[in-house]
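# Structural overview for review
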Amino acid sequence: MNLFKRDKDPLTMEERLDIIIKSSKQVGPGVFYSTIIVITSFLPVFLLTGMEGKLFHPLAWTKTYILLVDAFLAITLTPVLISFLLKGRLQPEDKNPITKGLEKIYTPILKWCLEWRKTVIGINLVALAVGVVMLLRLGSEFMPPLDEGSLLFMPVTLPDVSNSEAKRLLQLQDKLIKSVPEVSHVLGKAGRANTATDNSPISMIETIILLKPKSEWREGLTKNDIINELNSKLQIPGVTNGWTQPIINRINMLSTGVRTDVGLKVYGQNLDTINSFTQRIKKEMEDIDGIKDLYVEPITGGKYIDIVIKREEIGRYGLSVDDVNAVVESALGGMKLTTTIEGRQRFSVNARYGQDFRNNIQALKRLQVQTMNFGPIPLEAVADVKISEGPPMISSENAMLRGTVLFNVRERDLGSTVTEAQRKLNQMITKLPKGYFLEWSGQWENQIRANKTLKLIMPVVLVIIFMVLYFTYHSFKESIITMITVPFALIGGVFMVYFYEVNLSVAVAVGFIALFGMAIETAMLMTIYLNEAMNKMVTDHGNSRATINPSLLRKYVIEGAAKRLRPKLMTVSVSMFGLFPILWSTGVGSDVMRPITIPLIGGTISSVIYVLFVTPIVFEMMKEFELKRKGKIDLVDVKE
């Protein structure tokens, strides 16, 4: 409706308000129901848990609150502002040069599509089939890797490595890492920090590597290239390399208990059996493409000093077991002598033998044990002192012993890598002994959990959205027309994700979820205007087969599609202009945001093409079918 008269006389206030009220009633229900649909489409994001939930819940809440406020203002404030600001002589919509230019381009194309509607539908179906094939060929991962700007090098050596050897390895590795031009700073640590929350053994080294800005890197070099170069320089016998990033490493260790991308946990009752299984699994997985830094947490190989008291000998010397144990405790572990108090602080004072008297087996054997009748005697006279092997660290979970095979995934997607590994292991291990079982952990565990949540809630969301559409149109057929926009909207998203070589992840799924609501919103707008044209046609020509023919029906379909072209394109353009800056963004955080944006942009383009050119075709075919079968068309009025 236009706020002007044919005789160019200004409208009265009553006429102006009447037009504003009618126009608001026309778009109000569409705004309300489309807002409900977009909010409903974000239900899967709200139900995500774990790391993915913490990451995407703020996005979902922000979008929900913005939509609610936006819908409230569109229904309440906008009509009031129109009554104040749109005054004077106003030009009709067809006088707007932009609208006029767009209609001149769009109308001939739409007429051609309606003329060759079977061909157009066929092309769309072919594009849909190609999109499905592309979707099946896409890789998968839990989350797109966030470039933190630094690396964490976590090599593991033999469990019985000495302090001096670990120190030498640490210094050597730091020197080799610093020789790479892209490395800015290196800081390494061996063993555990002075905290009970870090149970790292002395055999595990953690080195944080800070990289220079990308502008200072050698030309054509990527982060993976730097990791490969560093890895080739650090091939030291007896050391297994591991590469990750500081933040994601801590998150993985806290959430899943493994320090790499993926971990395969072997549960059982016997450490030797678990060790045998983990070694077999490692051997099978060595040749799988994409698996890097493959490592088995050592279950055996730790060195222990066993001091076994000779009970027959201590009897000859008049000693007891406690006498010998007291010597061992004071010499090796240290004996508490007293406690000093300094203000509110208390410090225990311990005494033990010097390092030279306890740093090797022979020195331990010569430790003096005081007797009443025979004077001091060596410890080896009353005890066997020897080194034995045992577990360096016993890992347990769910009240069961656990061994773990750890590996990272690089230069390949996580999903296909783990799937191939599972297929290979299923052929190798046909049946585990009773009480033993395998469990995949790490990023794969998170991916399975997120996929399960999305698969569970998406059908419920589809049903809710369909019910909202049905209450909007009060027509099953109109709801179907709007819903079938979704798969065709996904075509562009899949094409763009495929050509950008982005793996399917939770971030990409969130992008498709946002696209889902946007596509239905655009289709609802087109359907409302097409039904408005049908109501106008019935008002002008009646509603019967005698007065309505296919050519007249096509004329009003074209009018309904073309005459409201500007609001449809404006709805899409606002979203597109807001997304393009994210697509071109760089720096920390862009790695996660870009996978959300890519399917949104591609899907928005394909949904606009479908809504503008295919929805009128489907709508016209449906109305022709109604006219042929019933002798009239069904009218849908969503204004009230």
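Anything mentioned here points back to the structure above.
Keep in mind the model is a prediction, meaning the values are calculated, not measured. (Residues numbered from 1 in each chain as written. Predicted model: local features only at pLDDT ≥ 70, side-chain atom pairs only at ≥ 80, totals over all residues. Heavy atoms only, no water.)

To continue, consider the overall build of the protein chain. Looking only at helices and strands, the protein chain features 21 helices and 15 strands. Taking 26 Å as the expected radius of gyration for a compact globule of 640 residues, we find that the protein chain reaches 36 Å, considerably beyond that expectation. C-alpha extents for the protein chain along the principal axes are approximately 130 × 60 × 50 Å. Taking all 640 residues of the protein chain together, the buried fraction comes to 44%. Carbon and sulfur atoms provide 60% of the accessible area of the protein chain, an area that totals close to 33,900 Å². Distance from the positive charge centre (73 side chains) to the negative charge centre (62 side chains) of the protein chain: 5 Å. (Helix = DSSP H or I, 4+ residues; strand = E, 2+ residues; numbered from the N terminus. Rg over C-alpha atoms; globule rule 2.2 N^0.38 Å. Buried < 20%, exposed > 50% of the residue type's maximum accessible area, 1.4 Å probe, protein only. Areas by Shrake-Rupley, 256 points an atom, 1.4 Å probe, with all protein chains shown as cover. Lys, Arg positive; Asp, Glu negative; His and termini not counted. Charge placed at Lys NZ, Arg CZ, Asp CG, Glu CD.)

A few words now on empty space enclosed by the protein. Any empty space left between the atoms is revealed when a probe the size of a water molecule rolls over them. Per the counting criterion, the structure on display carries 2 cavities of 30 Å³ or more. Considered as a void within the structure, the largest cavity measures approximately 110 Å³ in volume. Considering the residues around the largest cavity, the lining is formed by 13 residues, among which Met154, Gly242, Arg259, Thr260 and Asn408 are closest to the centre. At the level of secondary structure, the elements contributing two or more residues to the lining of the largest cavity comprise strand 4 (243–244), strand 6 (291–296) and strand 14 (400–409). Here the residues of the lining of the largest cavity sort into 5 nonpolar, 6 polar and 2 charged. (1 Å grid on protein atoms, 1.4 Å probe; cavity = no way out; pocket = protein on both sides within 12 Å on 5 of 7 lines; lining within 4 Å. Points joined across faces, edges and corners; volume = space filled by probe spheres on them. Nonpolar A, V, L, I, M, F, W, Y, C, P; charged D, E, K, R; others polar.)

Let's shift gears to the sheet that holds strand 4. The 4 strands lie next to each other as 2-3-1-4, forming an open sheet whose pairing is antiparallel. Looking at strand neighbours, the two that pair on one side only are strand 2 (183–190) and strand 4, the edges of this open sheet. Docked against the sheet, helix 6 (residues 163–178) engages strand 1 (150–153), strand 2 and strand 3 (205–211), running at close to 170° with respect to strand 2. Seen against the sheet, helix 8 (residues 246–255) touches strand 1, strand 3 and strand 4 and runs at an angle of roughly 50° to strand 1. (Pairing = 2+ DSSP bridges. Contact = heavy atoms within 4.5 Å. Axes fitted to C-alpha atoms, helices over the stretch in contact; angles between N-to-C directions.)

Packing of helix 15 (residues 476–483) against helix 17 (residues 506–541) brings their axes to within 9 Å, and their N-to-C directions diverge by 135°. In terms of their interaxial angle, helix 15 and helix 17 are classed as oblique. For the crossing formed where helix 15 meets helix 17, the hand is right-handed. Contacts between helix 15 and helix 17 involve Glu478, Thr482 and Met483 from the former and Ile520, Ala523, Met524, Thr527 and Asn531 from the latter. Residue composition of the contact of helix 15 with helix 17, by class: 4 nonpolar, 3 polar and 1 charged. (Parallel < 35°, antiparallel > 145°, perpendicular 65-115°, else oblique. Left-handed = near helix turned anticlockwise from the far one by under 90°.)

Applying the stated criterion across every chain yields a total of 21 salt bridges. Taking the shortest distance from any N to any O, the salt bridge between Glu206 and Lys189 comes out at 3.7 Å. Of this pair, Glu206 sits in strand 3 while Lys189 sits in strand 2, placing them 17 residues apart in sequence. On the basis of relative accessibility, which here comes to 6%, the residue Glu206 falls in the buried class. Of the charged contacts, one joins Glu313 and Arg316 as a salt bridge, the two residues approaching to 2.6 Å between their closest N and O atoms. One end of the pair, Glu313, and the other, Arg316, are both in helix 10 (residues 311–316), 3 residues apart, so they sit about a helical turn from each other. The class for Glu313 is partly exposed, based on a relative accessible area of 22%. Exposure remark for Arg316: the relative accessible area of 56% places this residue in the exposed category. Taken together, the shared-partner salt bridges in this structure form one network comprising Glu115, Arg117, Arg554, Glu620 and Glu624. (Salt bridge = Lys/Arg side-chain N within 4 Å of Asp/Glu carboxyl O.)

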